[in-house]
Amino acid sequence: VKRFCGQLKLLPDYLAKNGTDTAARQAIAQICTYFNQAAPLHHEDEEQDFFPALLRHAPQAQTDVDTLEAQHITLHADWAALNTQLQELLGGRRTTLNETLLHRFTSGYDVHTAIEEPLFELGRKAIPQAERQAIGKIMAAGGTETAVAHGGKLLQEKFPIANGFAAFIEDSEGNRIGLHSPA
C-alpha cells in the first residue's frame, strides 16, 4: 500500500510534465488494480478474521480496531472518487487529478498503516501461533481464490515468510500482485 500511495503522490507532477503517457497509464493501471482488488480483500480479511481473533486475545485493541474499521469506510469512499478520476485520465476525459482528494486518500492510508502495523505486532504476540496460522491460511486462500474467480491466475501458492504468509497472483489484466497475511 505504501508503494502505491507513493506513486499516487508523484502522479500530479508527473502528469503536469508528461501528460498521460505510457508510463503514467501503466502506473495508473497497477494502482487501480491494487486498490480495486487487493486493498478491499485485505480490509475484508482483517474485519472477518484478524480483528475478531485479536479482540478475543487482546481486548485492549478495541479502540484501534474500531478506528481502523471506520477508516476502511472512508478509504473506500475516497478511493471510489479517486478511481473515477483515474479512469477519466485513462479515457482522455481529464488531464489532472483533484489534489485535495488525492492527499486525503494517501494521508488517510498513512494514518491507517500507523495504527494497523502495531496491531499486527500485537496479534503476533497475543494470538496463539496455531490460530494465527489458521487465520493466515484463510486470508491467503481467499485472496488467491478471488483472483482466479475473476480471470486471474495463481503464480505461486501460499508460502511462509517471516511475518506471516505470502502468495503471488496475476490479475485478469496481467498485473502481478503479492498477497500478504499476518502469521
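Our structure's up above, just so we're on the same page.
Residues numbered from 1 in each chain as written. Predicted model: local features only at pLDDT ≥ 70, side-chain atom pairs only at ≥ 80, totals over all residues. Heavy atoms only, no water.

**What to know about the overall build of the chain**
A count of helical and extended segments in the chain gives five helices and three strands. Ordered by position from the N terminus, the helices and strands of the chain form the series α-α-α-α-α-β-β-β. In the chain, buried positions account for 42% of the 183 residues. Excluding contacts between residues fewer than 6 apart, the proportion of contacts in the chain whose partners are at least 24 apart in sequence is 59%. Roughly 9400 Å² of accessible area belongs to the chain as shown, and the carbon and sulfur atoms make up 52% of that amount. (Helix = DSSP H or I, 4+ residues; strand = E, 2+ residues; numbered from the N terminus. Buried < 20%, exposed > 50% of the residue type's maximum accessible area, 1.4 Å probe, protein only. Contact = heavy atoms within 4.5 Å. Areas by Shrake-Rupley, 256 points an atom, 1.4 Å probe, with all protein chains shown as cover.)

**So, the pattern of salt bridges**
For the coordinates displayed, the defined rule picks out six salt bridges. In this structure, glutamate 88 and arginine 94 form a salt bridge, with 2.8 Å as the shortest nitrogen-oxygen distance. For glutamate 88, a relative accessible area of 22% gives the class partly exposed. When the shortest N-O distance is used, the salt bridge between glutamate 121 and arginine 124 registers 3.2 Å. Of this pair, glutamate 121 and arginine 124 are both found in helix 4 (residues 99–126), three residues apart, which corresponds to roughly one turn of the helix. Glutamate 121 sits in the partly exposed class, given a relative accessible area of 34%. (Salt bridge = Lys/Arg side-chain N within 4 Å of Asp/Glu carboxyl O.)

**Some details on the environment of leucine 54**
Looking at the secondary structure, you find leucine 54 in helix 2 (residues 22–57). In this structure, the C-alpha to C-alpha distance between leucine 54 and arginine 132, residues 78 residues apart in sequence, is 9.6 Å. Residues in contact with leucine 54, not counting those within four places in the same chain, are Pro59, Ala61, Val65, Leu119, Leu122, Gly123 and Ile127.

**Observations regarding the nonpolar core**
One finds Leu8, Phe35, Trp79, Leu82, Leu86, Leu97 and Phe105 to be the most contacted residues of the largest nonpolar core, which totals 23 residues. For this core, the secondary structure elements donating two or more residues are helix 1 (2–18), helix 2, helix 3 (62–90) and helix 4. Tallying contributions element by element places helix 2 first for this core, with eight residues. If we skip the residues at most four places from it in the chain, leucine 97 touches Leu11, Leu15, Leu82, Gln85, Leu86, Leu89 and Leu102. Residues Phe50, Ala58, Ile115 and Ile135 belong to the second largest nonpolar core, which totals 13 residues. (Core = buried A, V, L, I, M, F, W, Y, C linked by side-chain atoms within 4.5 Å.)

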